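# An overview of the molecular structure
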Amino acid sequence: MIEFSGVNKWFGSLHVLQDISLTVAKGEVVVVCGPSGSGKSTLIRCINGLEPFESGRLLVDGTDLSNRKALLKLRSEVGFVFQSFNLYPHKTALENVTLAPIHVRRLGRAQAEERGRALLEKVGLADKMGSYPHQLSGGQQQRVAIARSLCMQPKIMLFDEPTSALDPEMINEVLDVMVGLAREGMTMMVVTHEMGFARKVADRVIFMDRGAIVETAPPERFFTAPAHARTRDFLSKILQH
Amino acid sequence: MVWFYLERIFGYWPVLLKGMGMTIGLSLLSLVIGVVIGFGFGIIRAGHNRWLSRVLGLYIDFFRGTPFLVQVFIAFFILPVIGIELSAFAAGVVALSNMAACFIGEIVAAGLKAVPSGQSEAAIASGMTRAQQMRLVVMPQAVRIITPSLVGQFVLLIKDSSVVSAIGLLDLTRAGWLIVQSVPNGLLVFGIVGLGYFIICYPLIHLSRRLERRSQAAFL
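Throughout what follows, the structure given in this document is the object of discussion.

### A few points about the overall build of chain B
Along its length, chain B carries nine helices and zero strands. Tracing chain B from N to C terminus, the helices and strands come up as α-α-α-α-α-α-α-α-α. If you line up chain B on its principal axes, its C-alpha atoms span 75 × 45 × 25 Å. Relative to its full complement of 220 residues, chain B shows a buried share of 44%. Long-range contacts, defined as pairs at least 24 residues apart, comprise 76% of the intrachain contacts of chain B with a sequence gap of at least 6. In chain B, 16 positive and 8 negative side-chain charges are present, and the distance between their average locations comes to 7 Å.

### A short note on the state of the cysteines
Residue and element names in this part refer to chain A. Within this structure, the stated rule accounts for zero disulfides over all chains. With no disulfide of its own, Cys33 has Cys46 as its nearest cysteine by sulfur position, at a separation of 18 Å. The class of Cys33 is buried, set by a relative accessible area of 0%.

### A few points about the environment of Asn86(A)
Position of Asn86(A) relative to the elements: it lies in the loop between strand E6 (78–81) and helix H3 (93–103). Taking the relative accessible area as the measure of exposure, Asn86(A) reaches 8% and is therefore buried. Sequence spacing of Asn86(A) and Lys9(A) is 77 residues, and the spatial spacing of their C-alpha atoms is 25 Å. In this structure Asn86(A) touches Arg148(A), Gly118(B), Gln119(B) and Ala122(B), once residues within four positions along its chain are discounted.

### Observations regarding the packing of H3(A) against helix H5 (residues 138–150) of chain A
Residue and element names in this part refer to chain A. Packing of H3 against H5 leaves a shortest axis separation of 8 Å and a crossing angle of 25°. Here H5 runs roughly parallel to H3, going by the angle between their axes. As for the relative orientation of H3 and H5, their crossing is right-handed in sense. Where H3 abuts H5, its residues Ala93, Asn96 and Val97 lie against Val144, Ala147 and Arg148. When the residues that make up the contact of H3 with H5 are grouped by side-chain class, the tally is four nonpolar, one polar and one charged.

### What to know about the interface of chain B and chain A
Reports of interface size often rely on the accessible area that becomes lost once the parts have come together. Each partner contributes to the interface: chain B provides 20 residues, whereas chain A provides 23 residues. Summing both sides of the interface, chain B and chain A together bury roughly 1,800 Å²; the carbon and sulfur share of this comes to 61%. In terms of surface lost to chain A, no three residues of chain B exceed Glu121(B), Ala125(B) and Leu136(B), which account for 26% of the buried area on that side. In this structure, the connection of chain B to chain A is made through one salt bridge. Where Glu121(B) meets Arg45(A), a salt bridge forms, and the shortest distance between an N and an O atom there is 2.6 Å. Between the two partners, chain B and chain A, sit six residue pairs in polar contact (both at pLDDT 80 or more). Looking at the side of chain B that touches chain A, the elements that each hand over two or more residues are helix H6 (117–125) and helix H7 (130–160) of chain B. Taken together, the residues of the side of chain B that touches chain A break down into 10 nonpolar, seven polar and three charged.

### Some details on helix H8 (residues 172–182) of chain B
Owing to its 3.6 residues per turn, the α-helix aligns residues three or four sequence positions apart on the same side. Residues of H8(B) that are buried: Leu172(B), Thr173(B), Ala175(B), Gly176(B), Ile179(B) and Val180(B). For H8(B), the buried positions fall inside an angular range of 150° around the axis, keeping them on one side.

### What about a positive patch on the surface?
Taken together, the side chains of Arg209(B), Arg210(B), Arg213(B) and Arg214(B) make up a positively charged region of the molecular surface. With respect to the helices and strands, the residue Arg214(B) is situated in helix H9 (residues 186–217).

### Here we look at the nonpolar core
Formed by 66 residues in total, the largest nonpolar core has its most connected members in Ile2(A), Phe4(A), Leu43(A), Leu58(A), Val60(A) and Met189(A). When residues of this core are assigned to their parent elements, the largest contribution, 11 residues, is made by helix H5 (residues 88–114) of chain B. Of all hydrophobic cores here, the second largest spans 49 residues; its members include Val29(A), Val179(A), Val205(A) and Phe207(A).

### Notes on the layout of surface pockets
Residue and element names in this part refer to chain B. What the largest pocket holds in volume is close to 720 Å³. Around the largest pocket sit 21 residues that line it, and His48, Ser120, Ile124, Arg130 and Gln133 are the ones nearest its centre. It is H7 that contributes the most residues to the lining of the largest pocket, five residues altogether.

### A few points about the environment of Gly168(B)
Along the chain, Gly168(B) falls in the loop between H7 and H8. Along the primary structure Gly168(B) and Phe89(B) are separated by 79 residues, whereas in three dimensions their C-alpha atoms are 9.0 Å apart.

### Side note on empty space enclosed by the protein
Summary: where empty space remains is shown by rolling a probe the size of a single water molecule over the atoms. Per the counting criterion, the structure on display carries one cavity of 30 Å³ or more. Every residue lining the largest cavity is counted, 19 residues in all, and those nearest its centre are Arg148(A), Ser149(A), Ala122(B), Ala125(B) and Ser126(B). Listing elements by their share of the lining of the largest cavity, those giving two or more residues are E6, H3 and H5 of chain A together with H6 of chain B. It is H3(A) that contributes the most residues to the lining of the largest cavity, five residues altogether. The class makeup of the residues in the lining of the largest cavity is 12 nonpolar, five polar and two charged.

### Quick look at the pairing of strand E7 (residues 156–160) of chain A
All names here are of chain A. For E7, the buried fraction is high: five of the five residues fall into the buried class. On E7, burial covers both faces: Ile156, Leu158 and Asp160 on one face and Met157 and Phe159 on the other are all buried. Relative to E7, E6 is paired through four bridges, and the arrangement is parallel. In the sheet register, Val81 faces E7, and the bridge partner there is Phe159. Alignment of E7 against strand E8 (residues 187–191), held across five bridges, turns out to be parallel. Bridge pairing links Leu158 to Met189 in E8. A crossover connection joins E7 to the parallel E8 through helix H6 (residues 168–183); in handedness this β-α-β unit is right-handed.

Rules used in this analysis
- Residues numbered from 1 in each chain as written.
- Chains lettered and ligands numbered in written order.
- Predicted model: local features only at pLDDT ≥ 70, side-chain atom pairs only at ≥ 80, totals over all residues.
- Heavy atoms only, no water.
- Helix = DSSP H or I, 4+ residues; strand = E, 2+ residues; numbered from the N terminus.
- Buried < 20%, exposed > 50% of the residue type's maximum accessible area, 1.4 Å probe, protein only.
- Contact = heavy atoms within 4.5 Å.
- Lys, Arg positive; Asp, Glu negative; His and termini not counted.
- Charge placed at Lys NZ, Arg CZ, Asp CG, Glu CD.
- Disulfide = S-S within 2.5 Å.
- Axes fitted to C-alpha atoms, helices over the stretch in contact; angles between N-to-C directions.
- Parallel < 35°, antiparallel > 145°, perpendicular 65-115°, else oblique.
- Left-handed = near helix turned anticlockwise from the far one by under 90°.
- Nonpolar A, V, L, I, M, F, W, Y, C, P; charged D, E, K, R; others polar.
- Buried area = accessible area lost by both parts, 1.4 Å probe.
- Salt bridge = Lys/Arg side-chain N within 4 Å of Asp/Glu carboxyl O.
- Polar contact = N/O pair within 3.5 Å; in protein donor to acceptor, adjacent residues only side chain to side chain.
- Arc of directions from axis to C-beta.
- Patch = residues over 30% accessible without salt bridge, like charges linked within 9 Å, V, L, I, M, F, W, Y side chains within 5 Å.
- Areas by Shrake-Rupley, 256 points an atom, 1.4 Å probe, with all protein chains shown as cover.
- Core = buried A, V, L, I, M, F, W, Y, C linked by side-chain atoms within 4.5 Å.
- 1 Å grid on protein atoms, 1.4 Å probe; cavity = no way out; pocket = protein on both sides within 12 Å on 5 of 7 lines; lining within 4 Å.
- Points joined across faces, edges and corners; volume = space filled by probe spheres on them.
- Pairing = 2+ DSSP bridges.
- Right-handed = clockwise from strand over helix to strand, strands pointing away.

Spatial relationships are all this shows, so hold off on functional conclusions.
This is how it looks when you write it as structure tokens:
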């Protein structure tokens, strides 16, 4: 479904993605972790073309990312959830969810709203359809954002630190939605430090450092017997307490 | 004595009314043209094409940095030299709407840049085209941000329209000049002229203040 081969990216002289090769199969859930500045956000932002890259090849759902013309179509097939939610503040929850289906997918308003309502119900926000983002808590906003992506019926869902901007008591309501999604068989790449989530649903965990993939392993092995010293060092820092 | 002058001034009501009509008509027409072009300018100024944005920026700065009276003279006296012959009214509309477009362009550009980049990223990620991002996501938010300053700009435009009396257009100011020839009380005559402008502008000032309060309340 997603296939990086030899992808390199620089920000000026900073080599933010170093020779990335990685394949994600359909239905797979991959968690990406690593210290800040390790390139993990940049990695998943490449997948829907939010970040261009300088060399290498990236195939997503059979589309070559260097084909800028196919990019619009591809983006409508790939959901993206941001750390800071990025809901449209001038639209209600339901309007946020239905905007792209109506204008990008060309779905009729009634049909889009039906789909949108069902999804908002699914993420537990049946009573918040008419609320504006500023009337919602962080956890509720992020759940609307997930519903907004799902309403496009994407083939892949990307999450860029979806719980990092949330108060601790709201993290689980968002993770629960994501766990449900993973169990339904969605292809997902998730940048997160929520190791409980990784243990529960990830097929593979990837550790990145300084723009390179250091280690890839199933969660069991990743947490109990990491092969690299840098992975051990990182895990000891985030799992200390 | 005051009453005597007042009576005589109001004897000229058809001229005053005509002048007021001209001021309103000229301002309104220039406003509409200025807003349309100004939004175009703003989109280019805030856009990705740096070269185009810079050239337009230079053009805008020229008109923001020269007196409006000079711009009116350029439209009326200098354009004919290069073969563009304009009536006084057309020259007034051209000069006024051009200046409005320049100021509005910068306001719109500032508004567009004030919309957080996460907004257009969310729109991009959902597969929207550039035009859709602008129309559905970024512009509606920018318009909310800039509406108070936009209405404030309308007030300035109406007041600046008085300058077109210099090329002989019979607007409210010009009506004052005509009346003062036969009613030698400048204070009274231009007091009434000023009152005329105030009557047009005050509701707008009021509106701008209300919108400002509301836009501060939004998004919280």
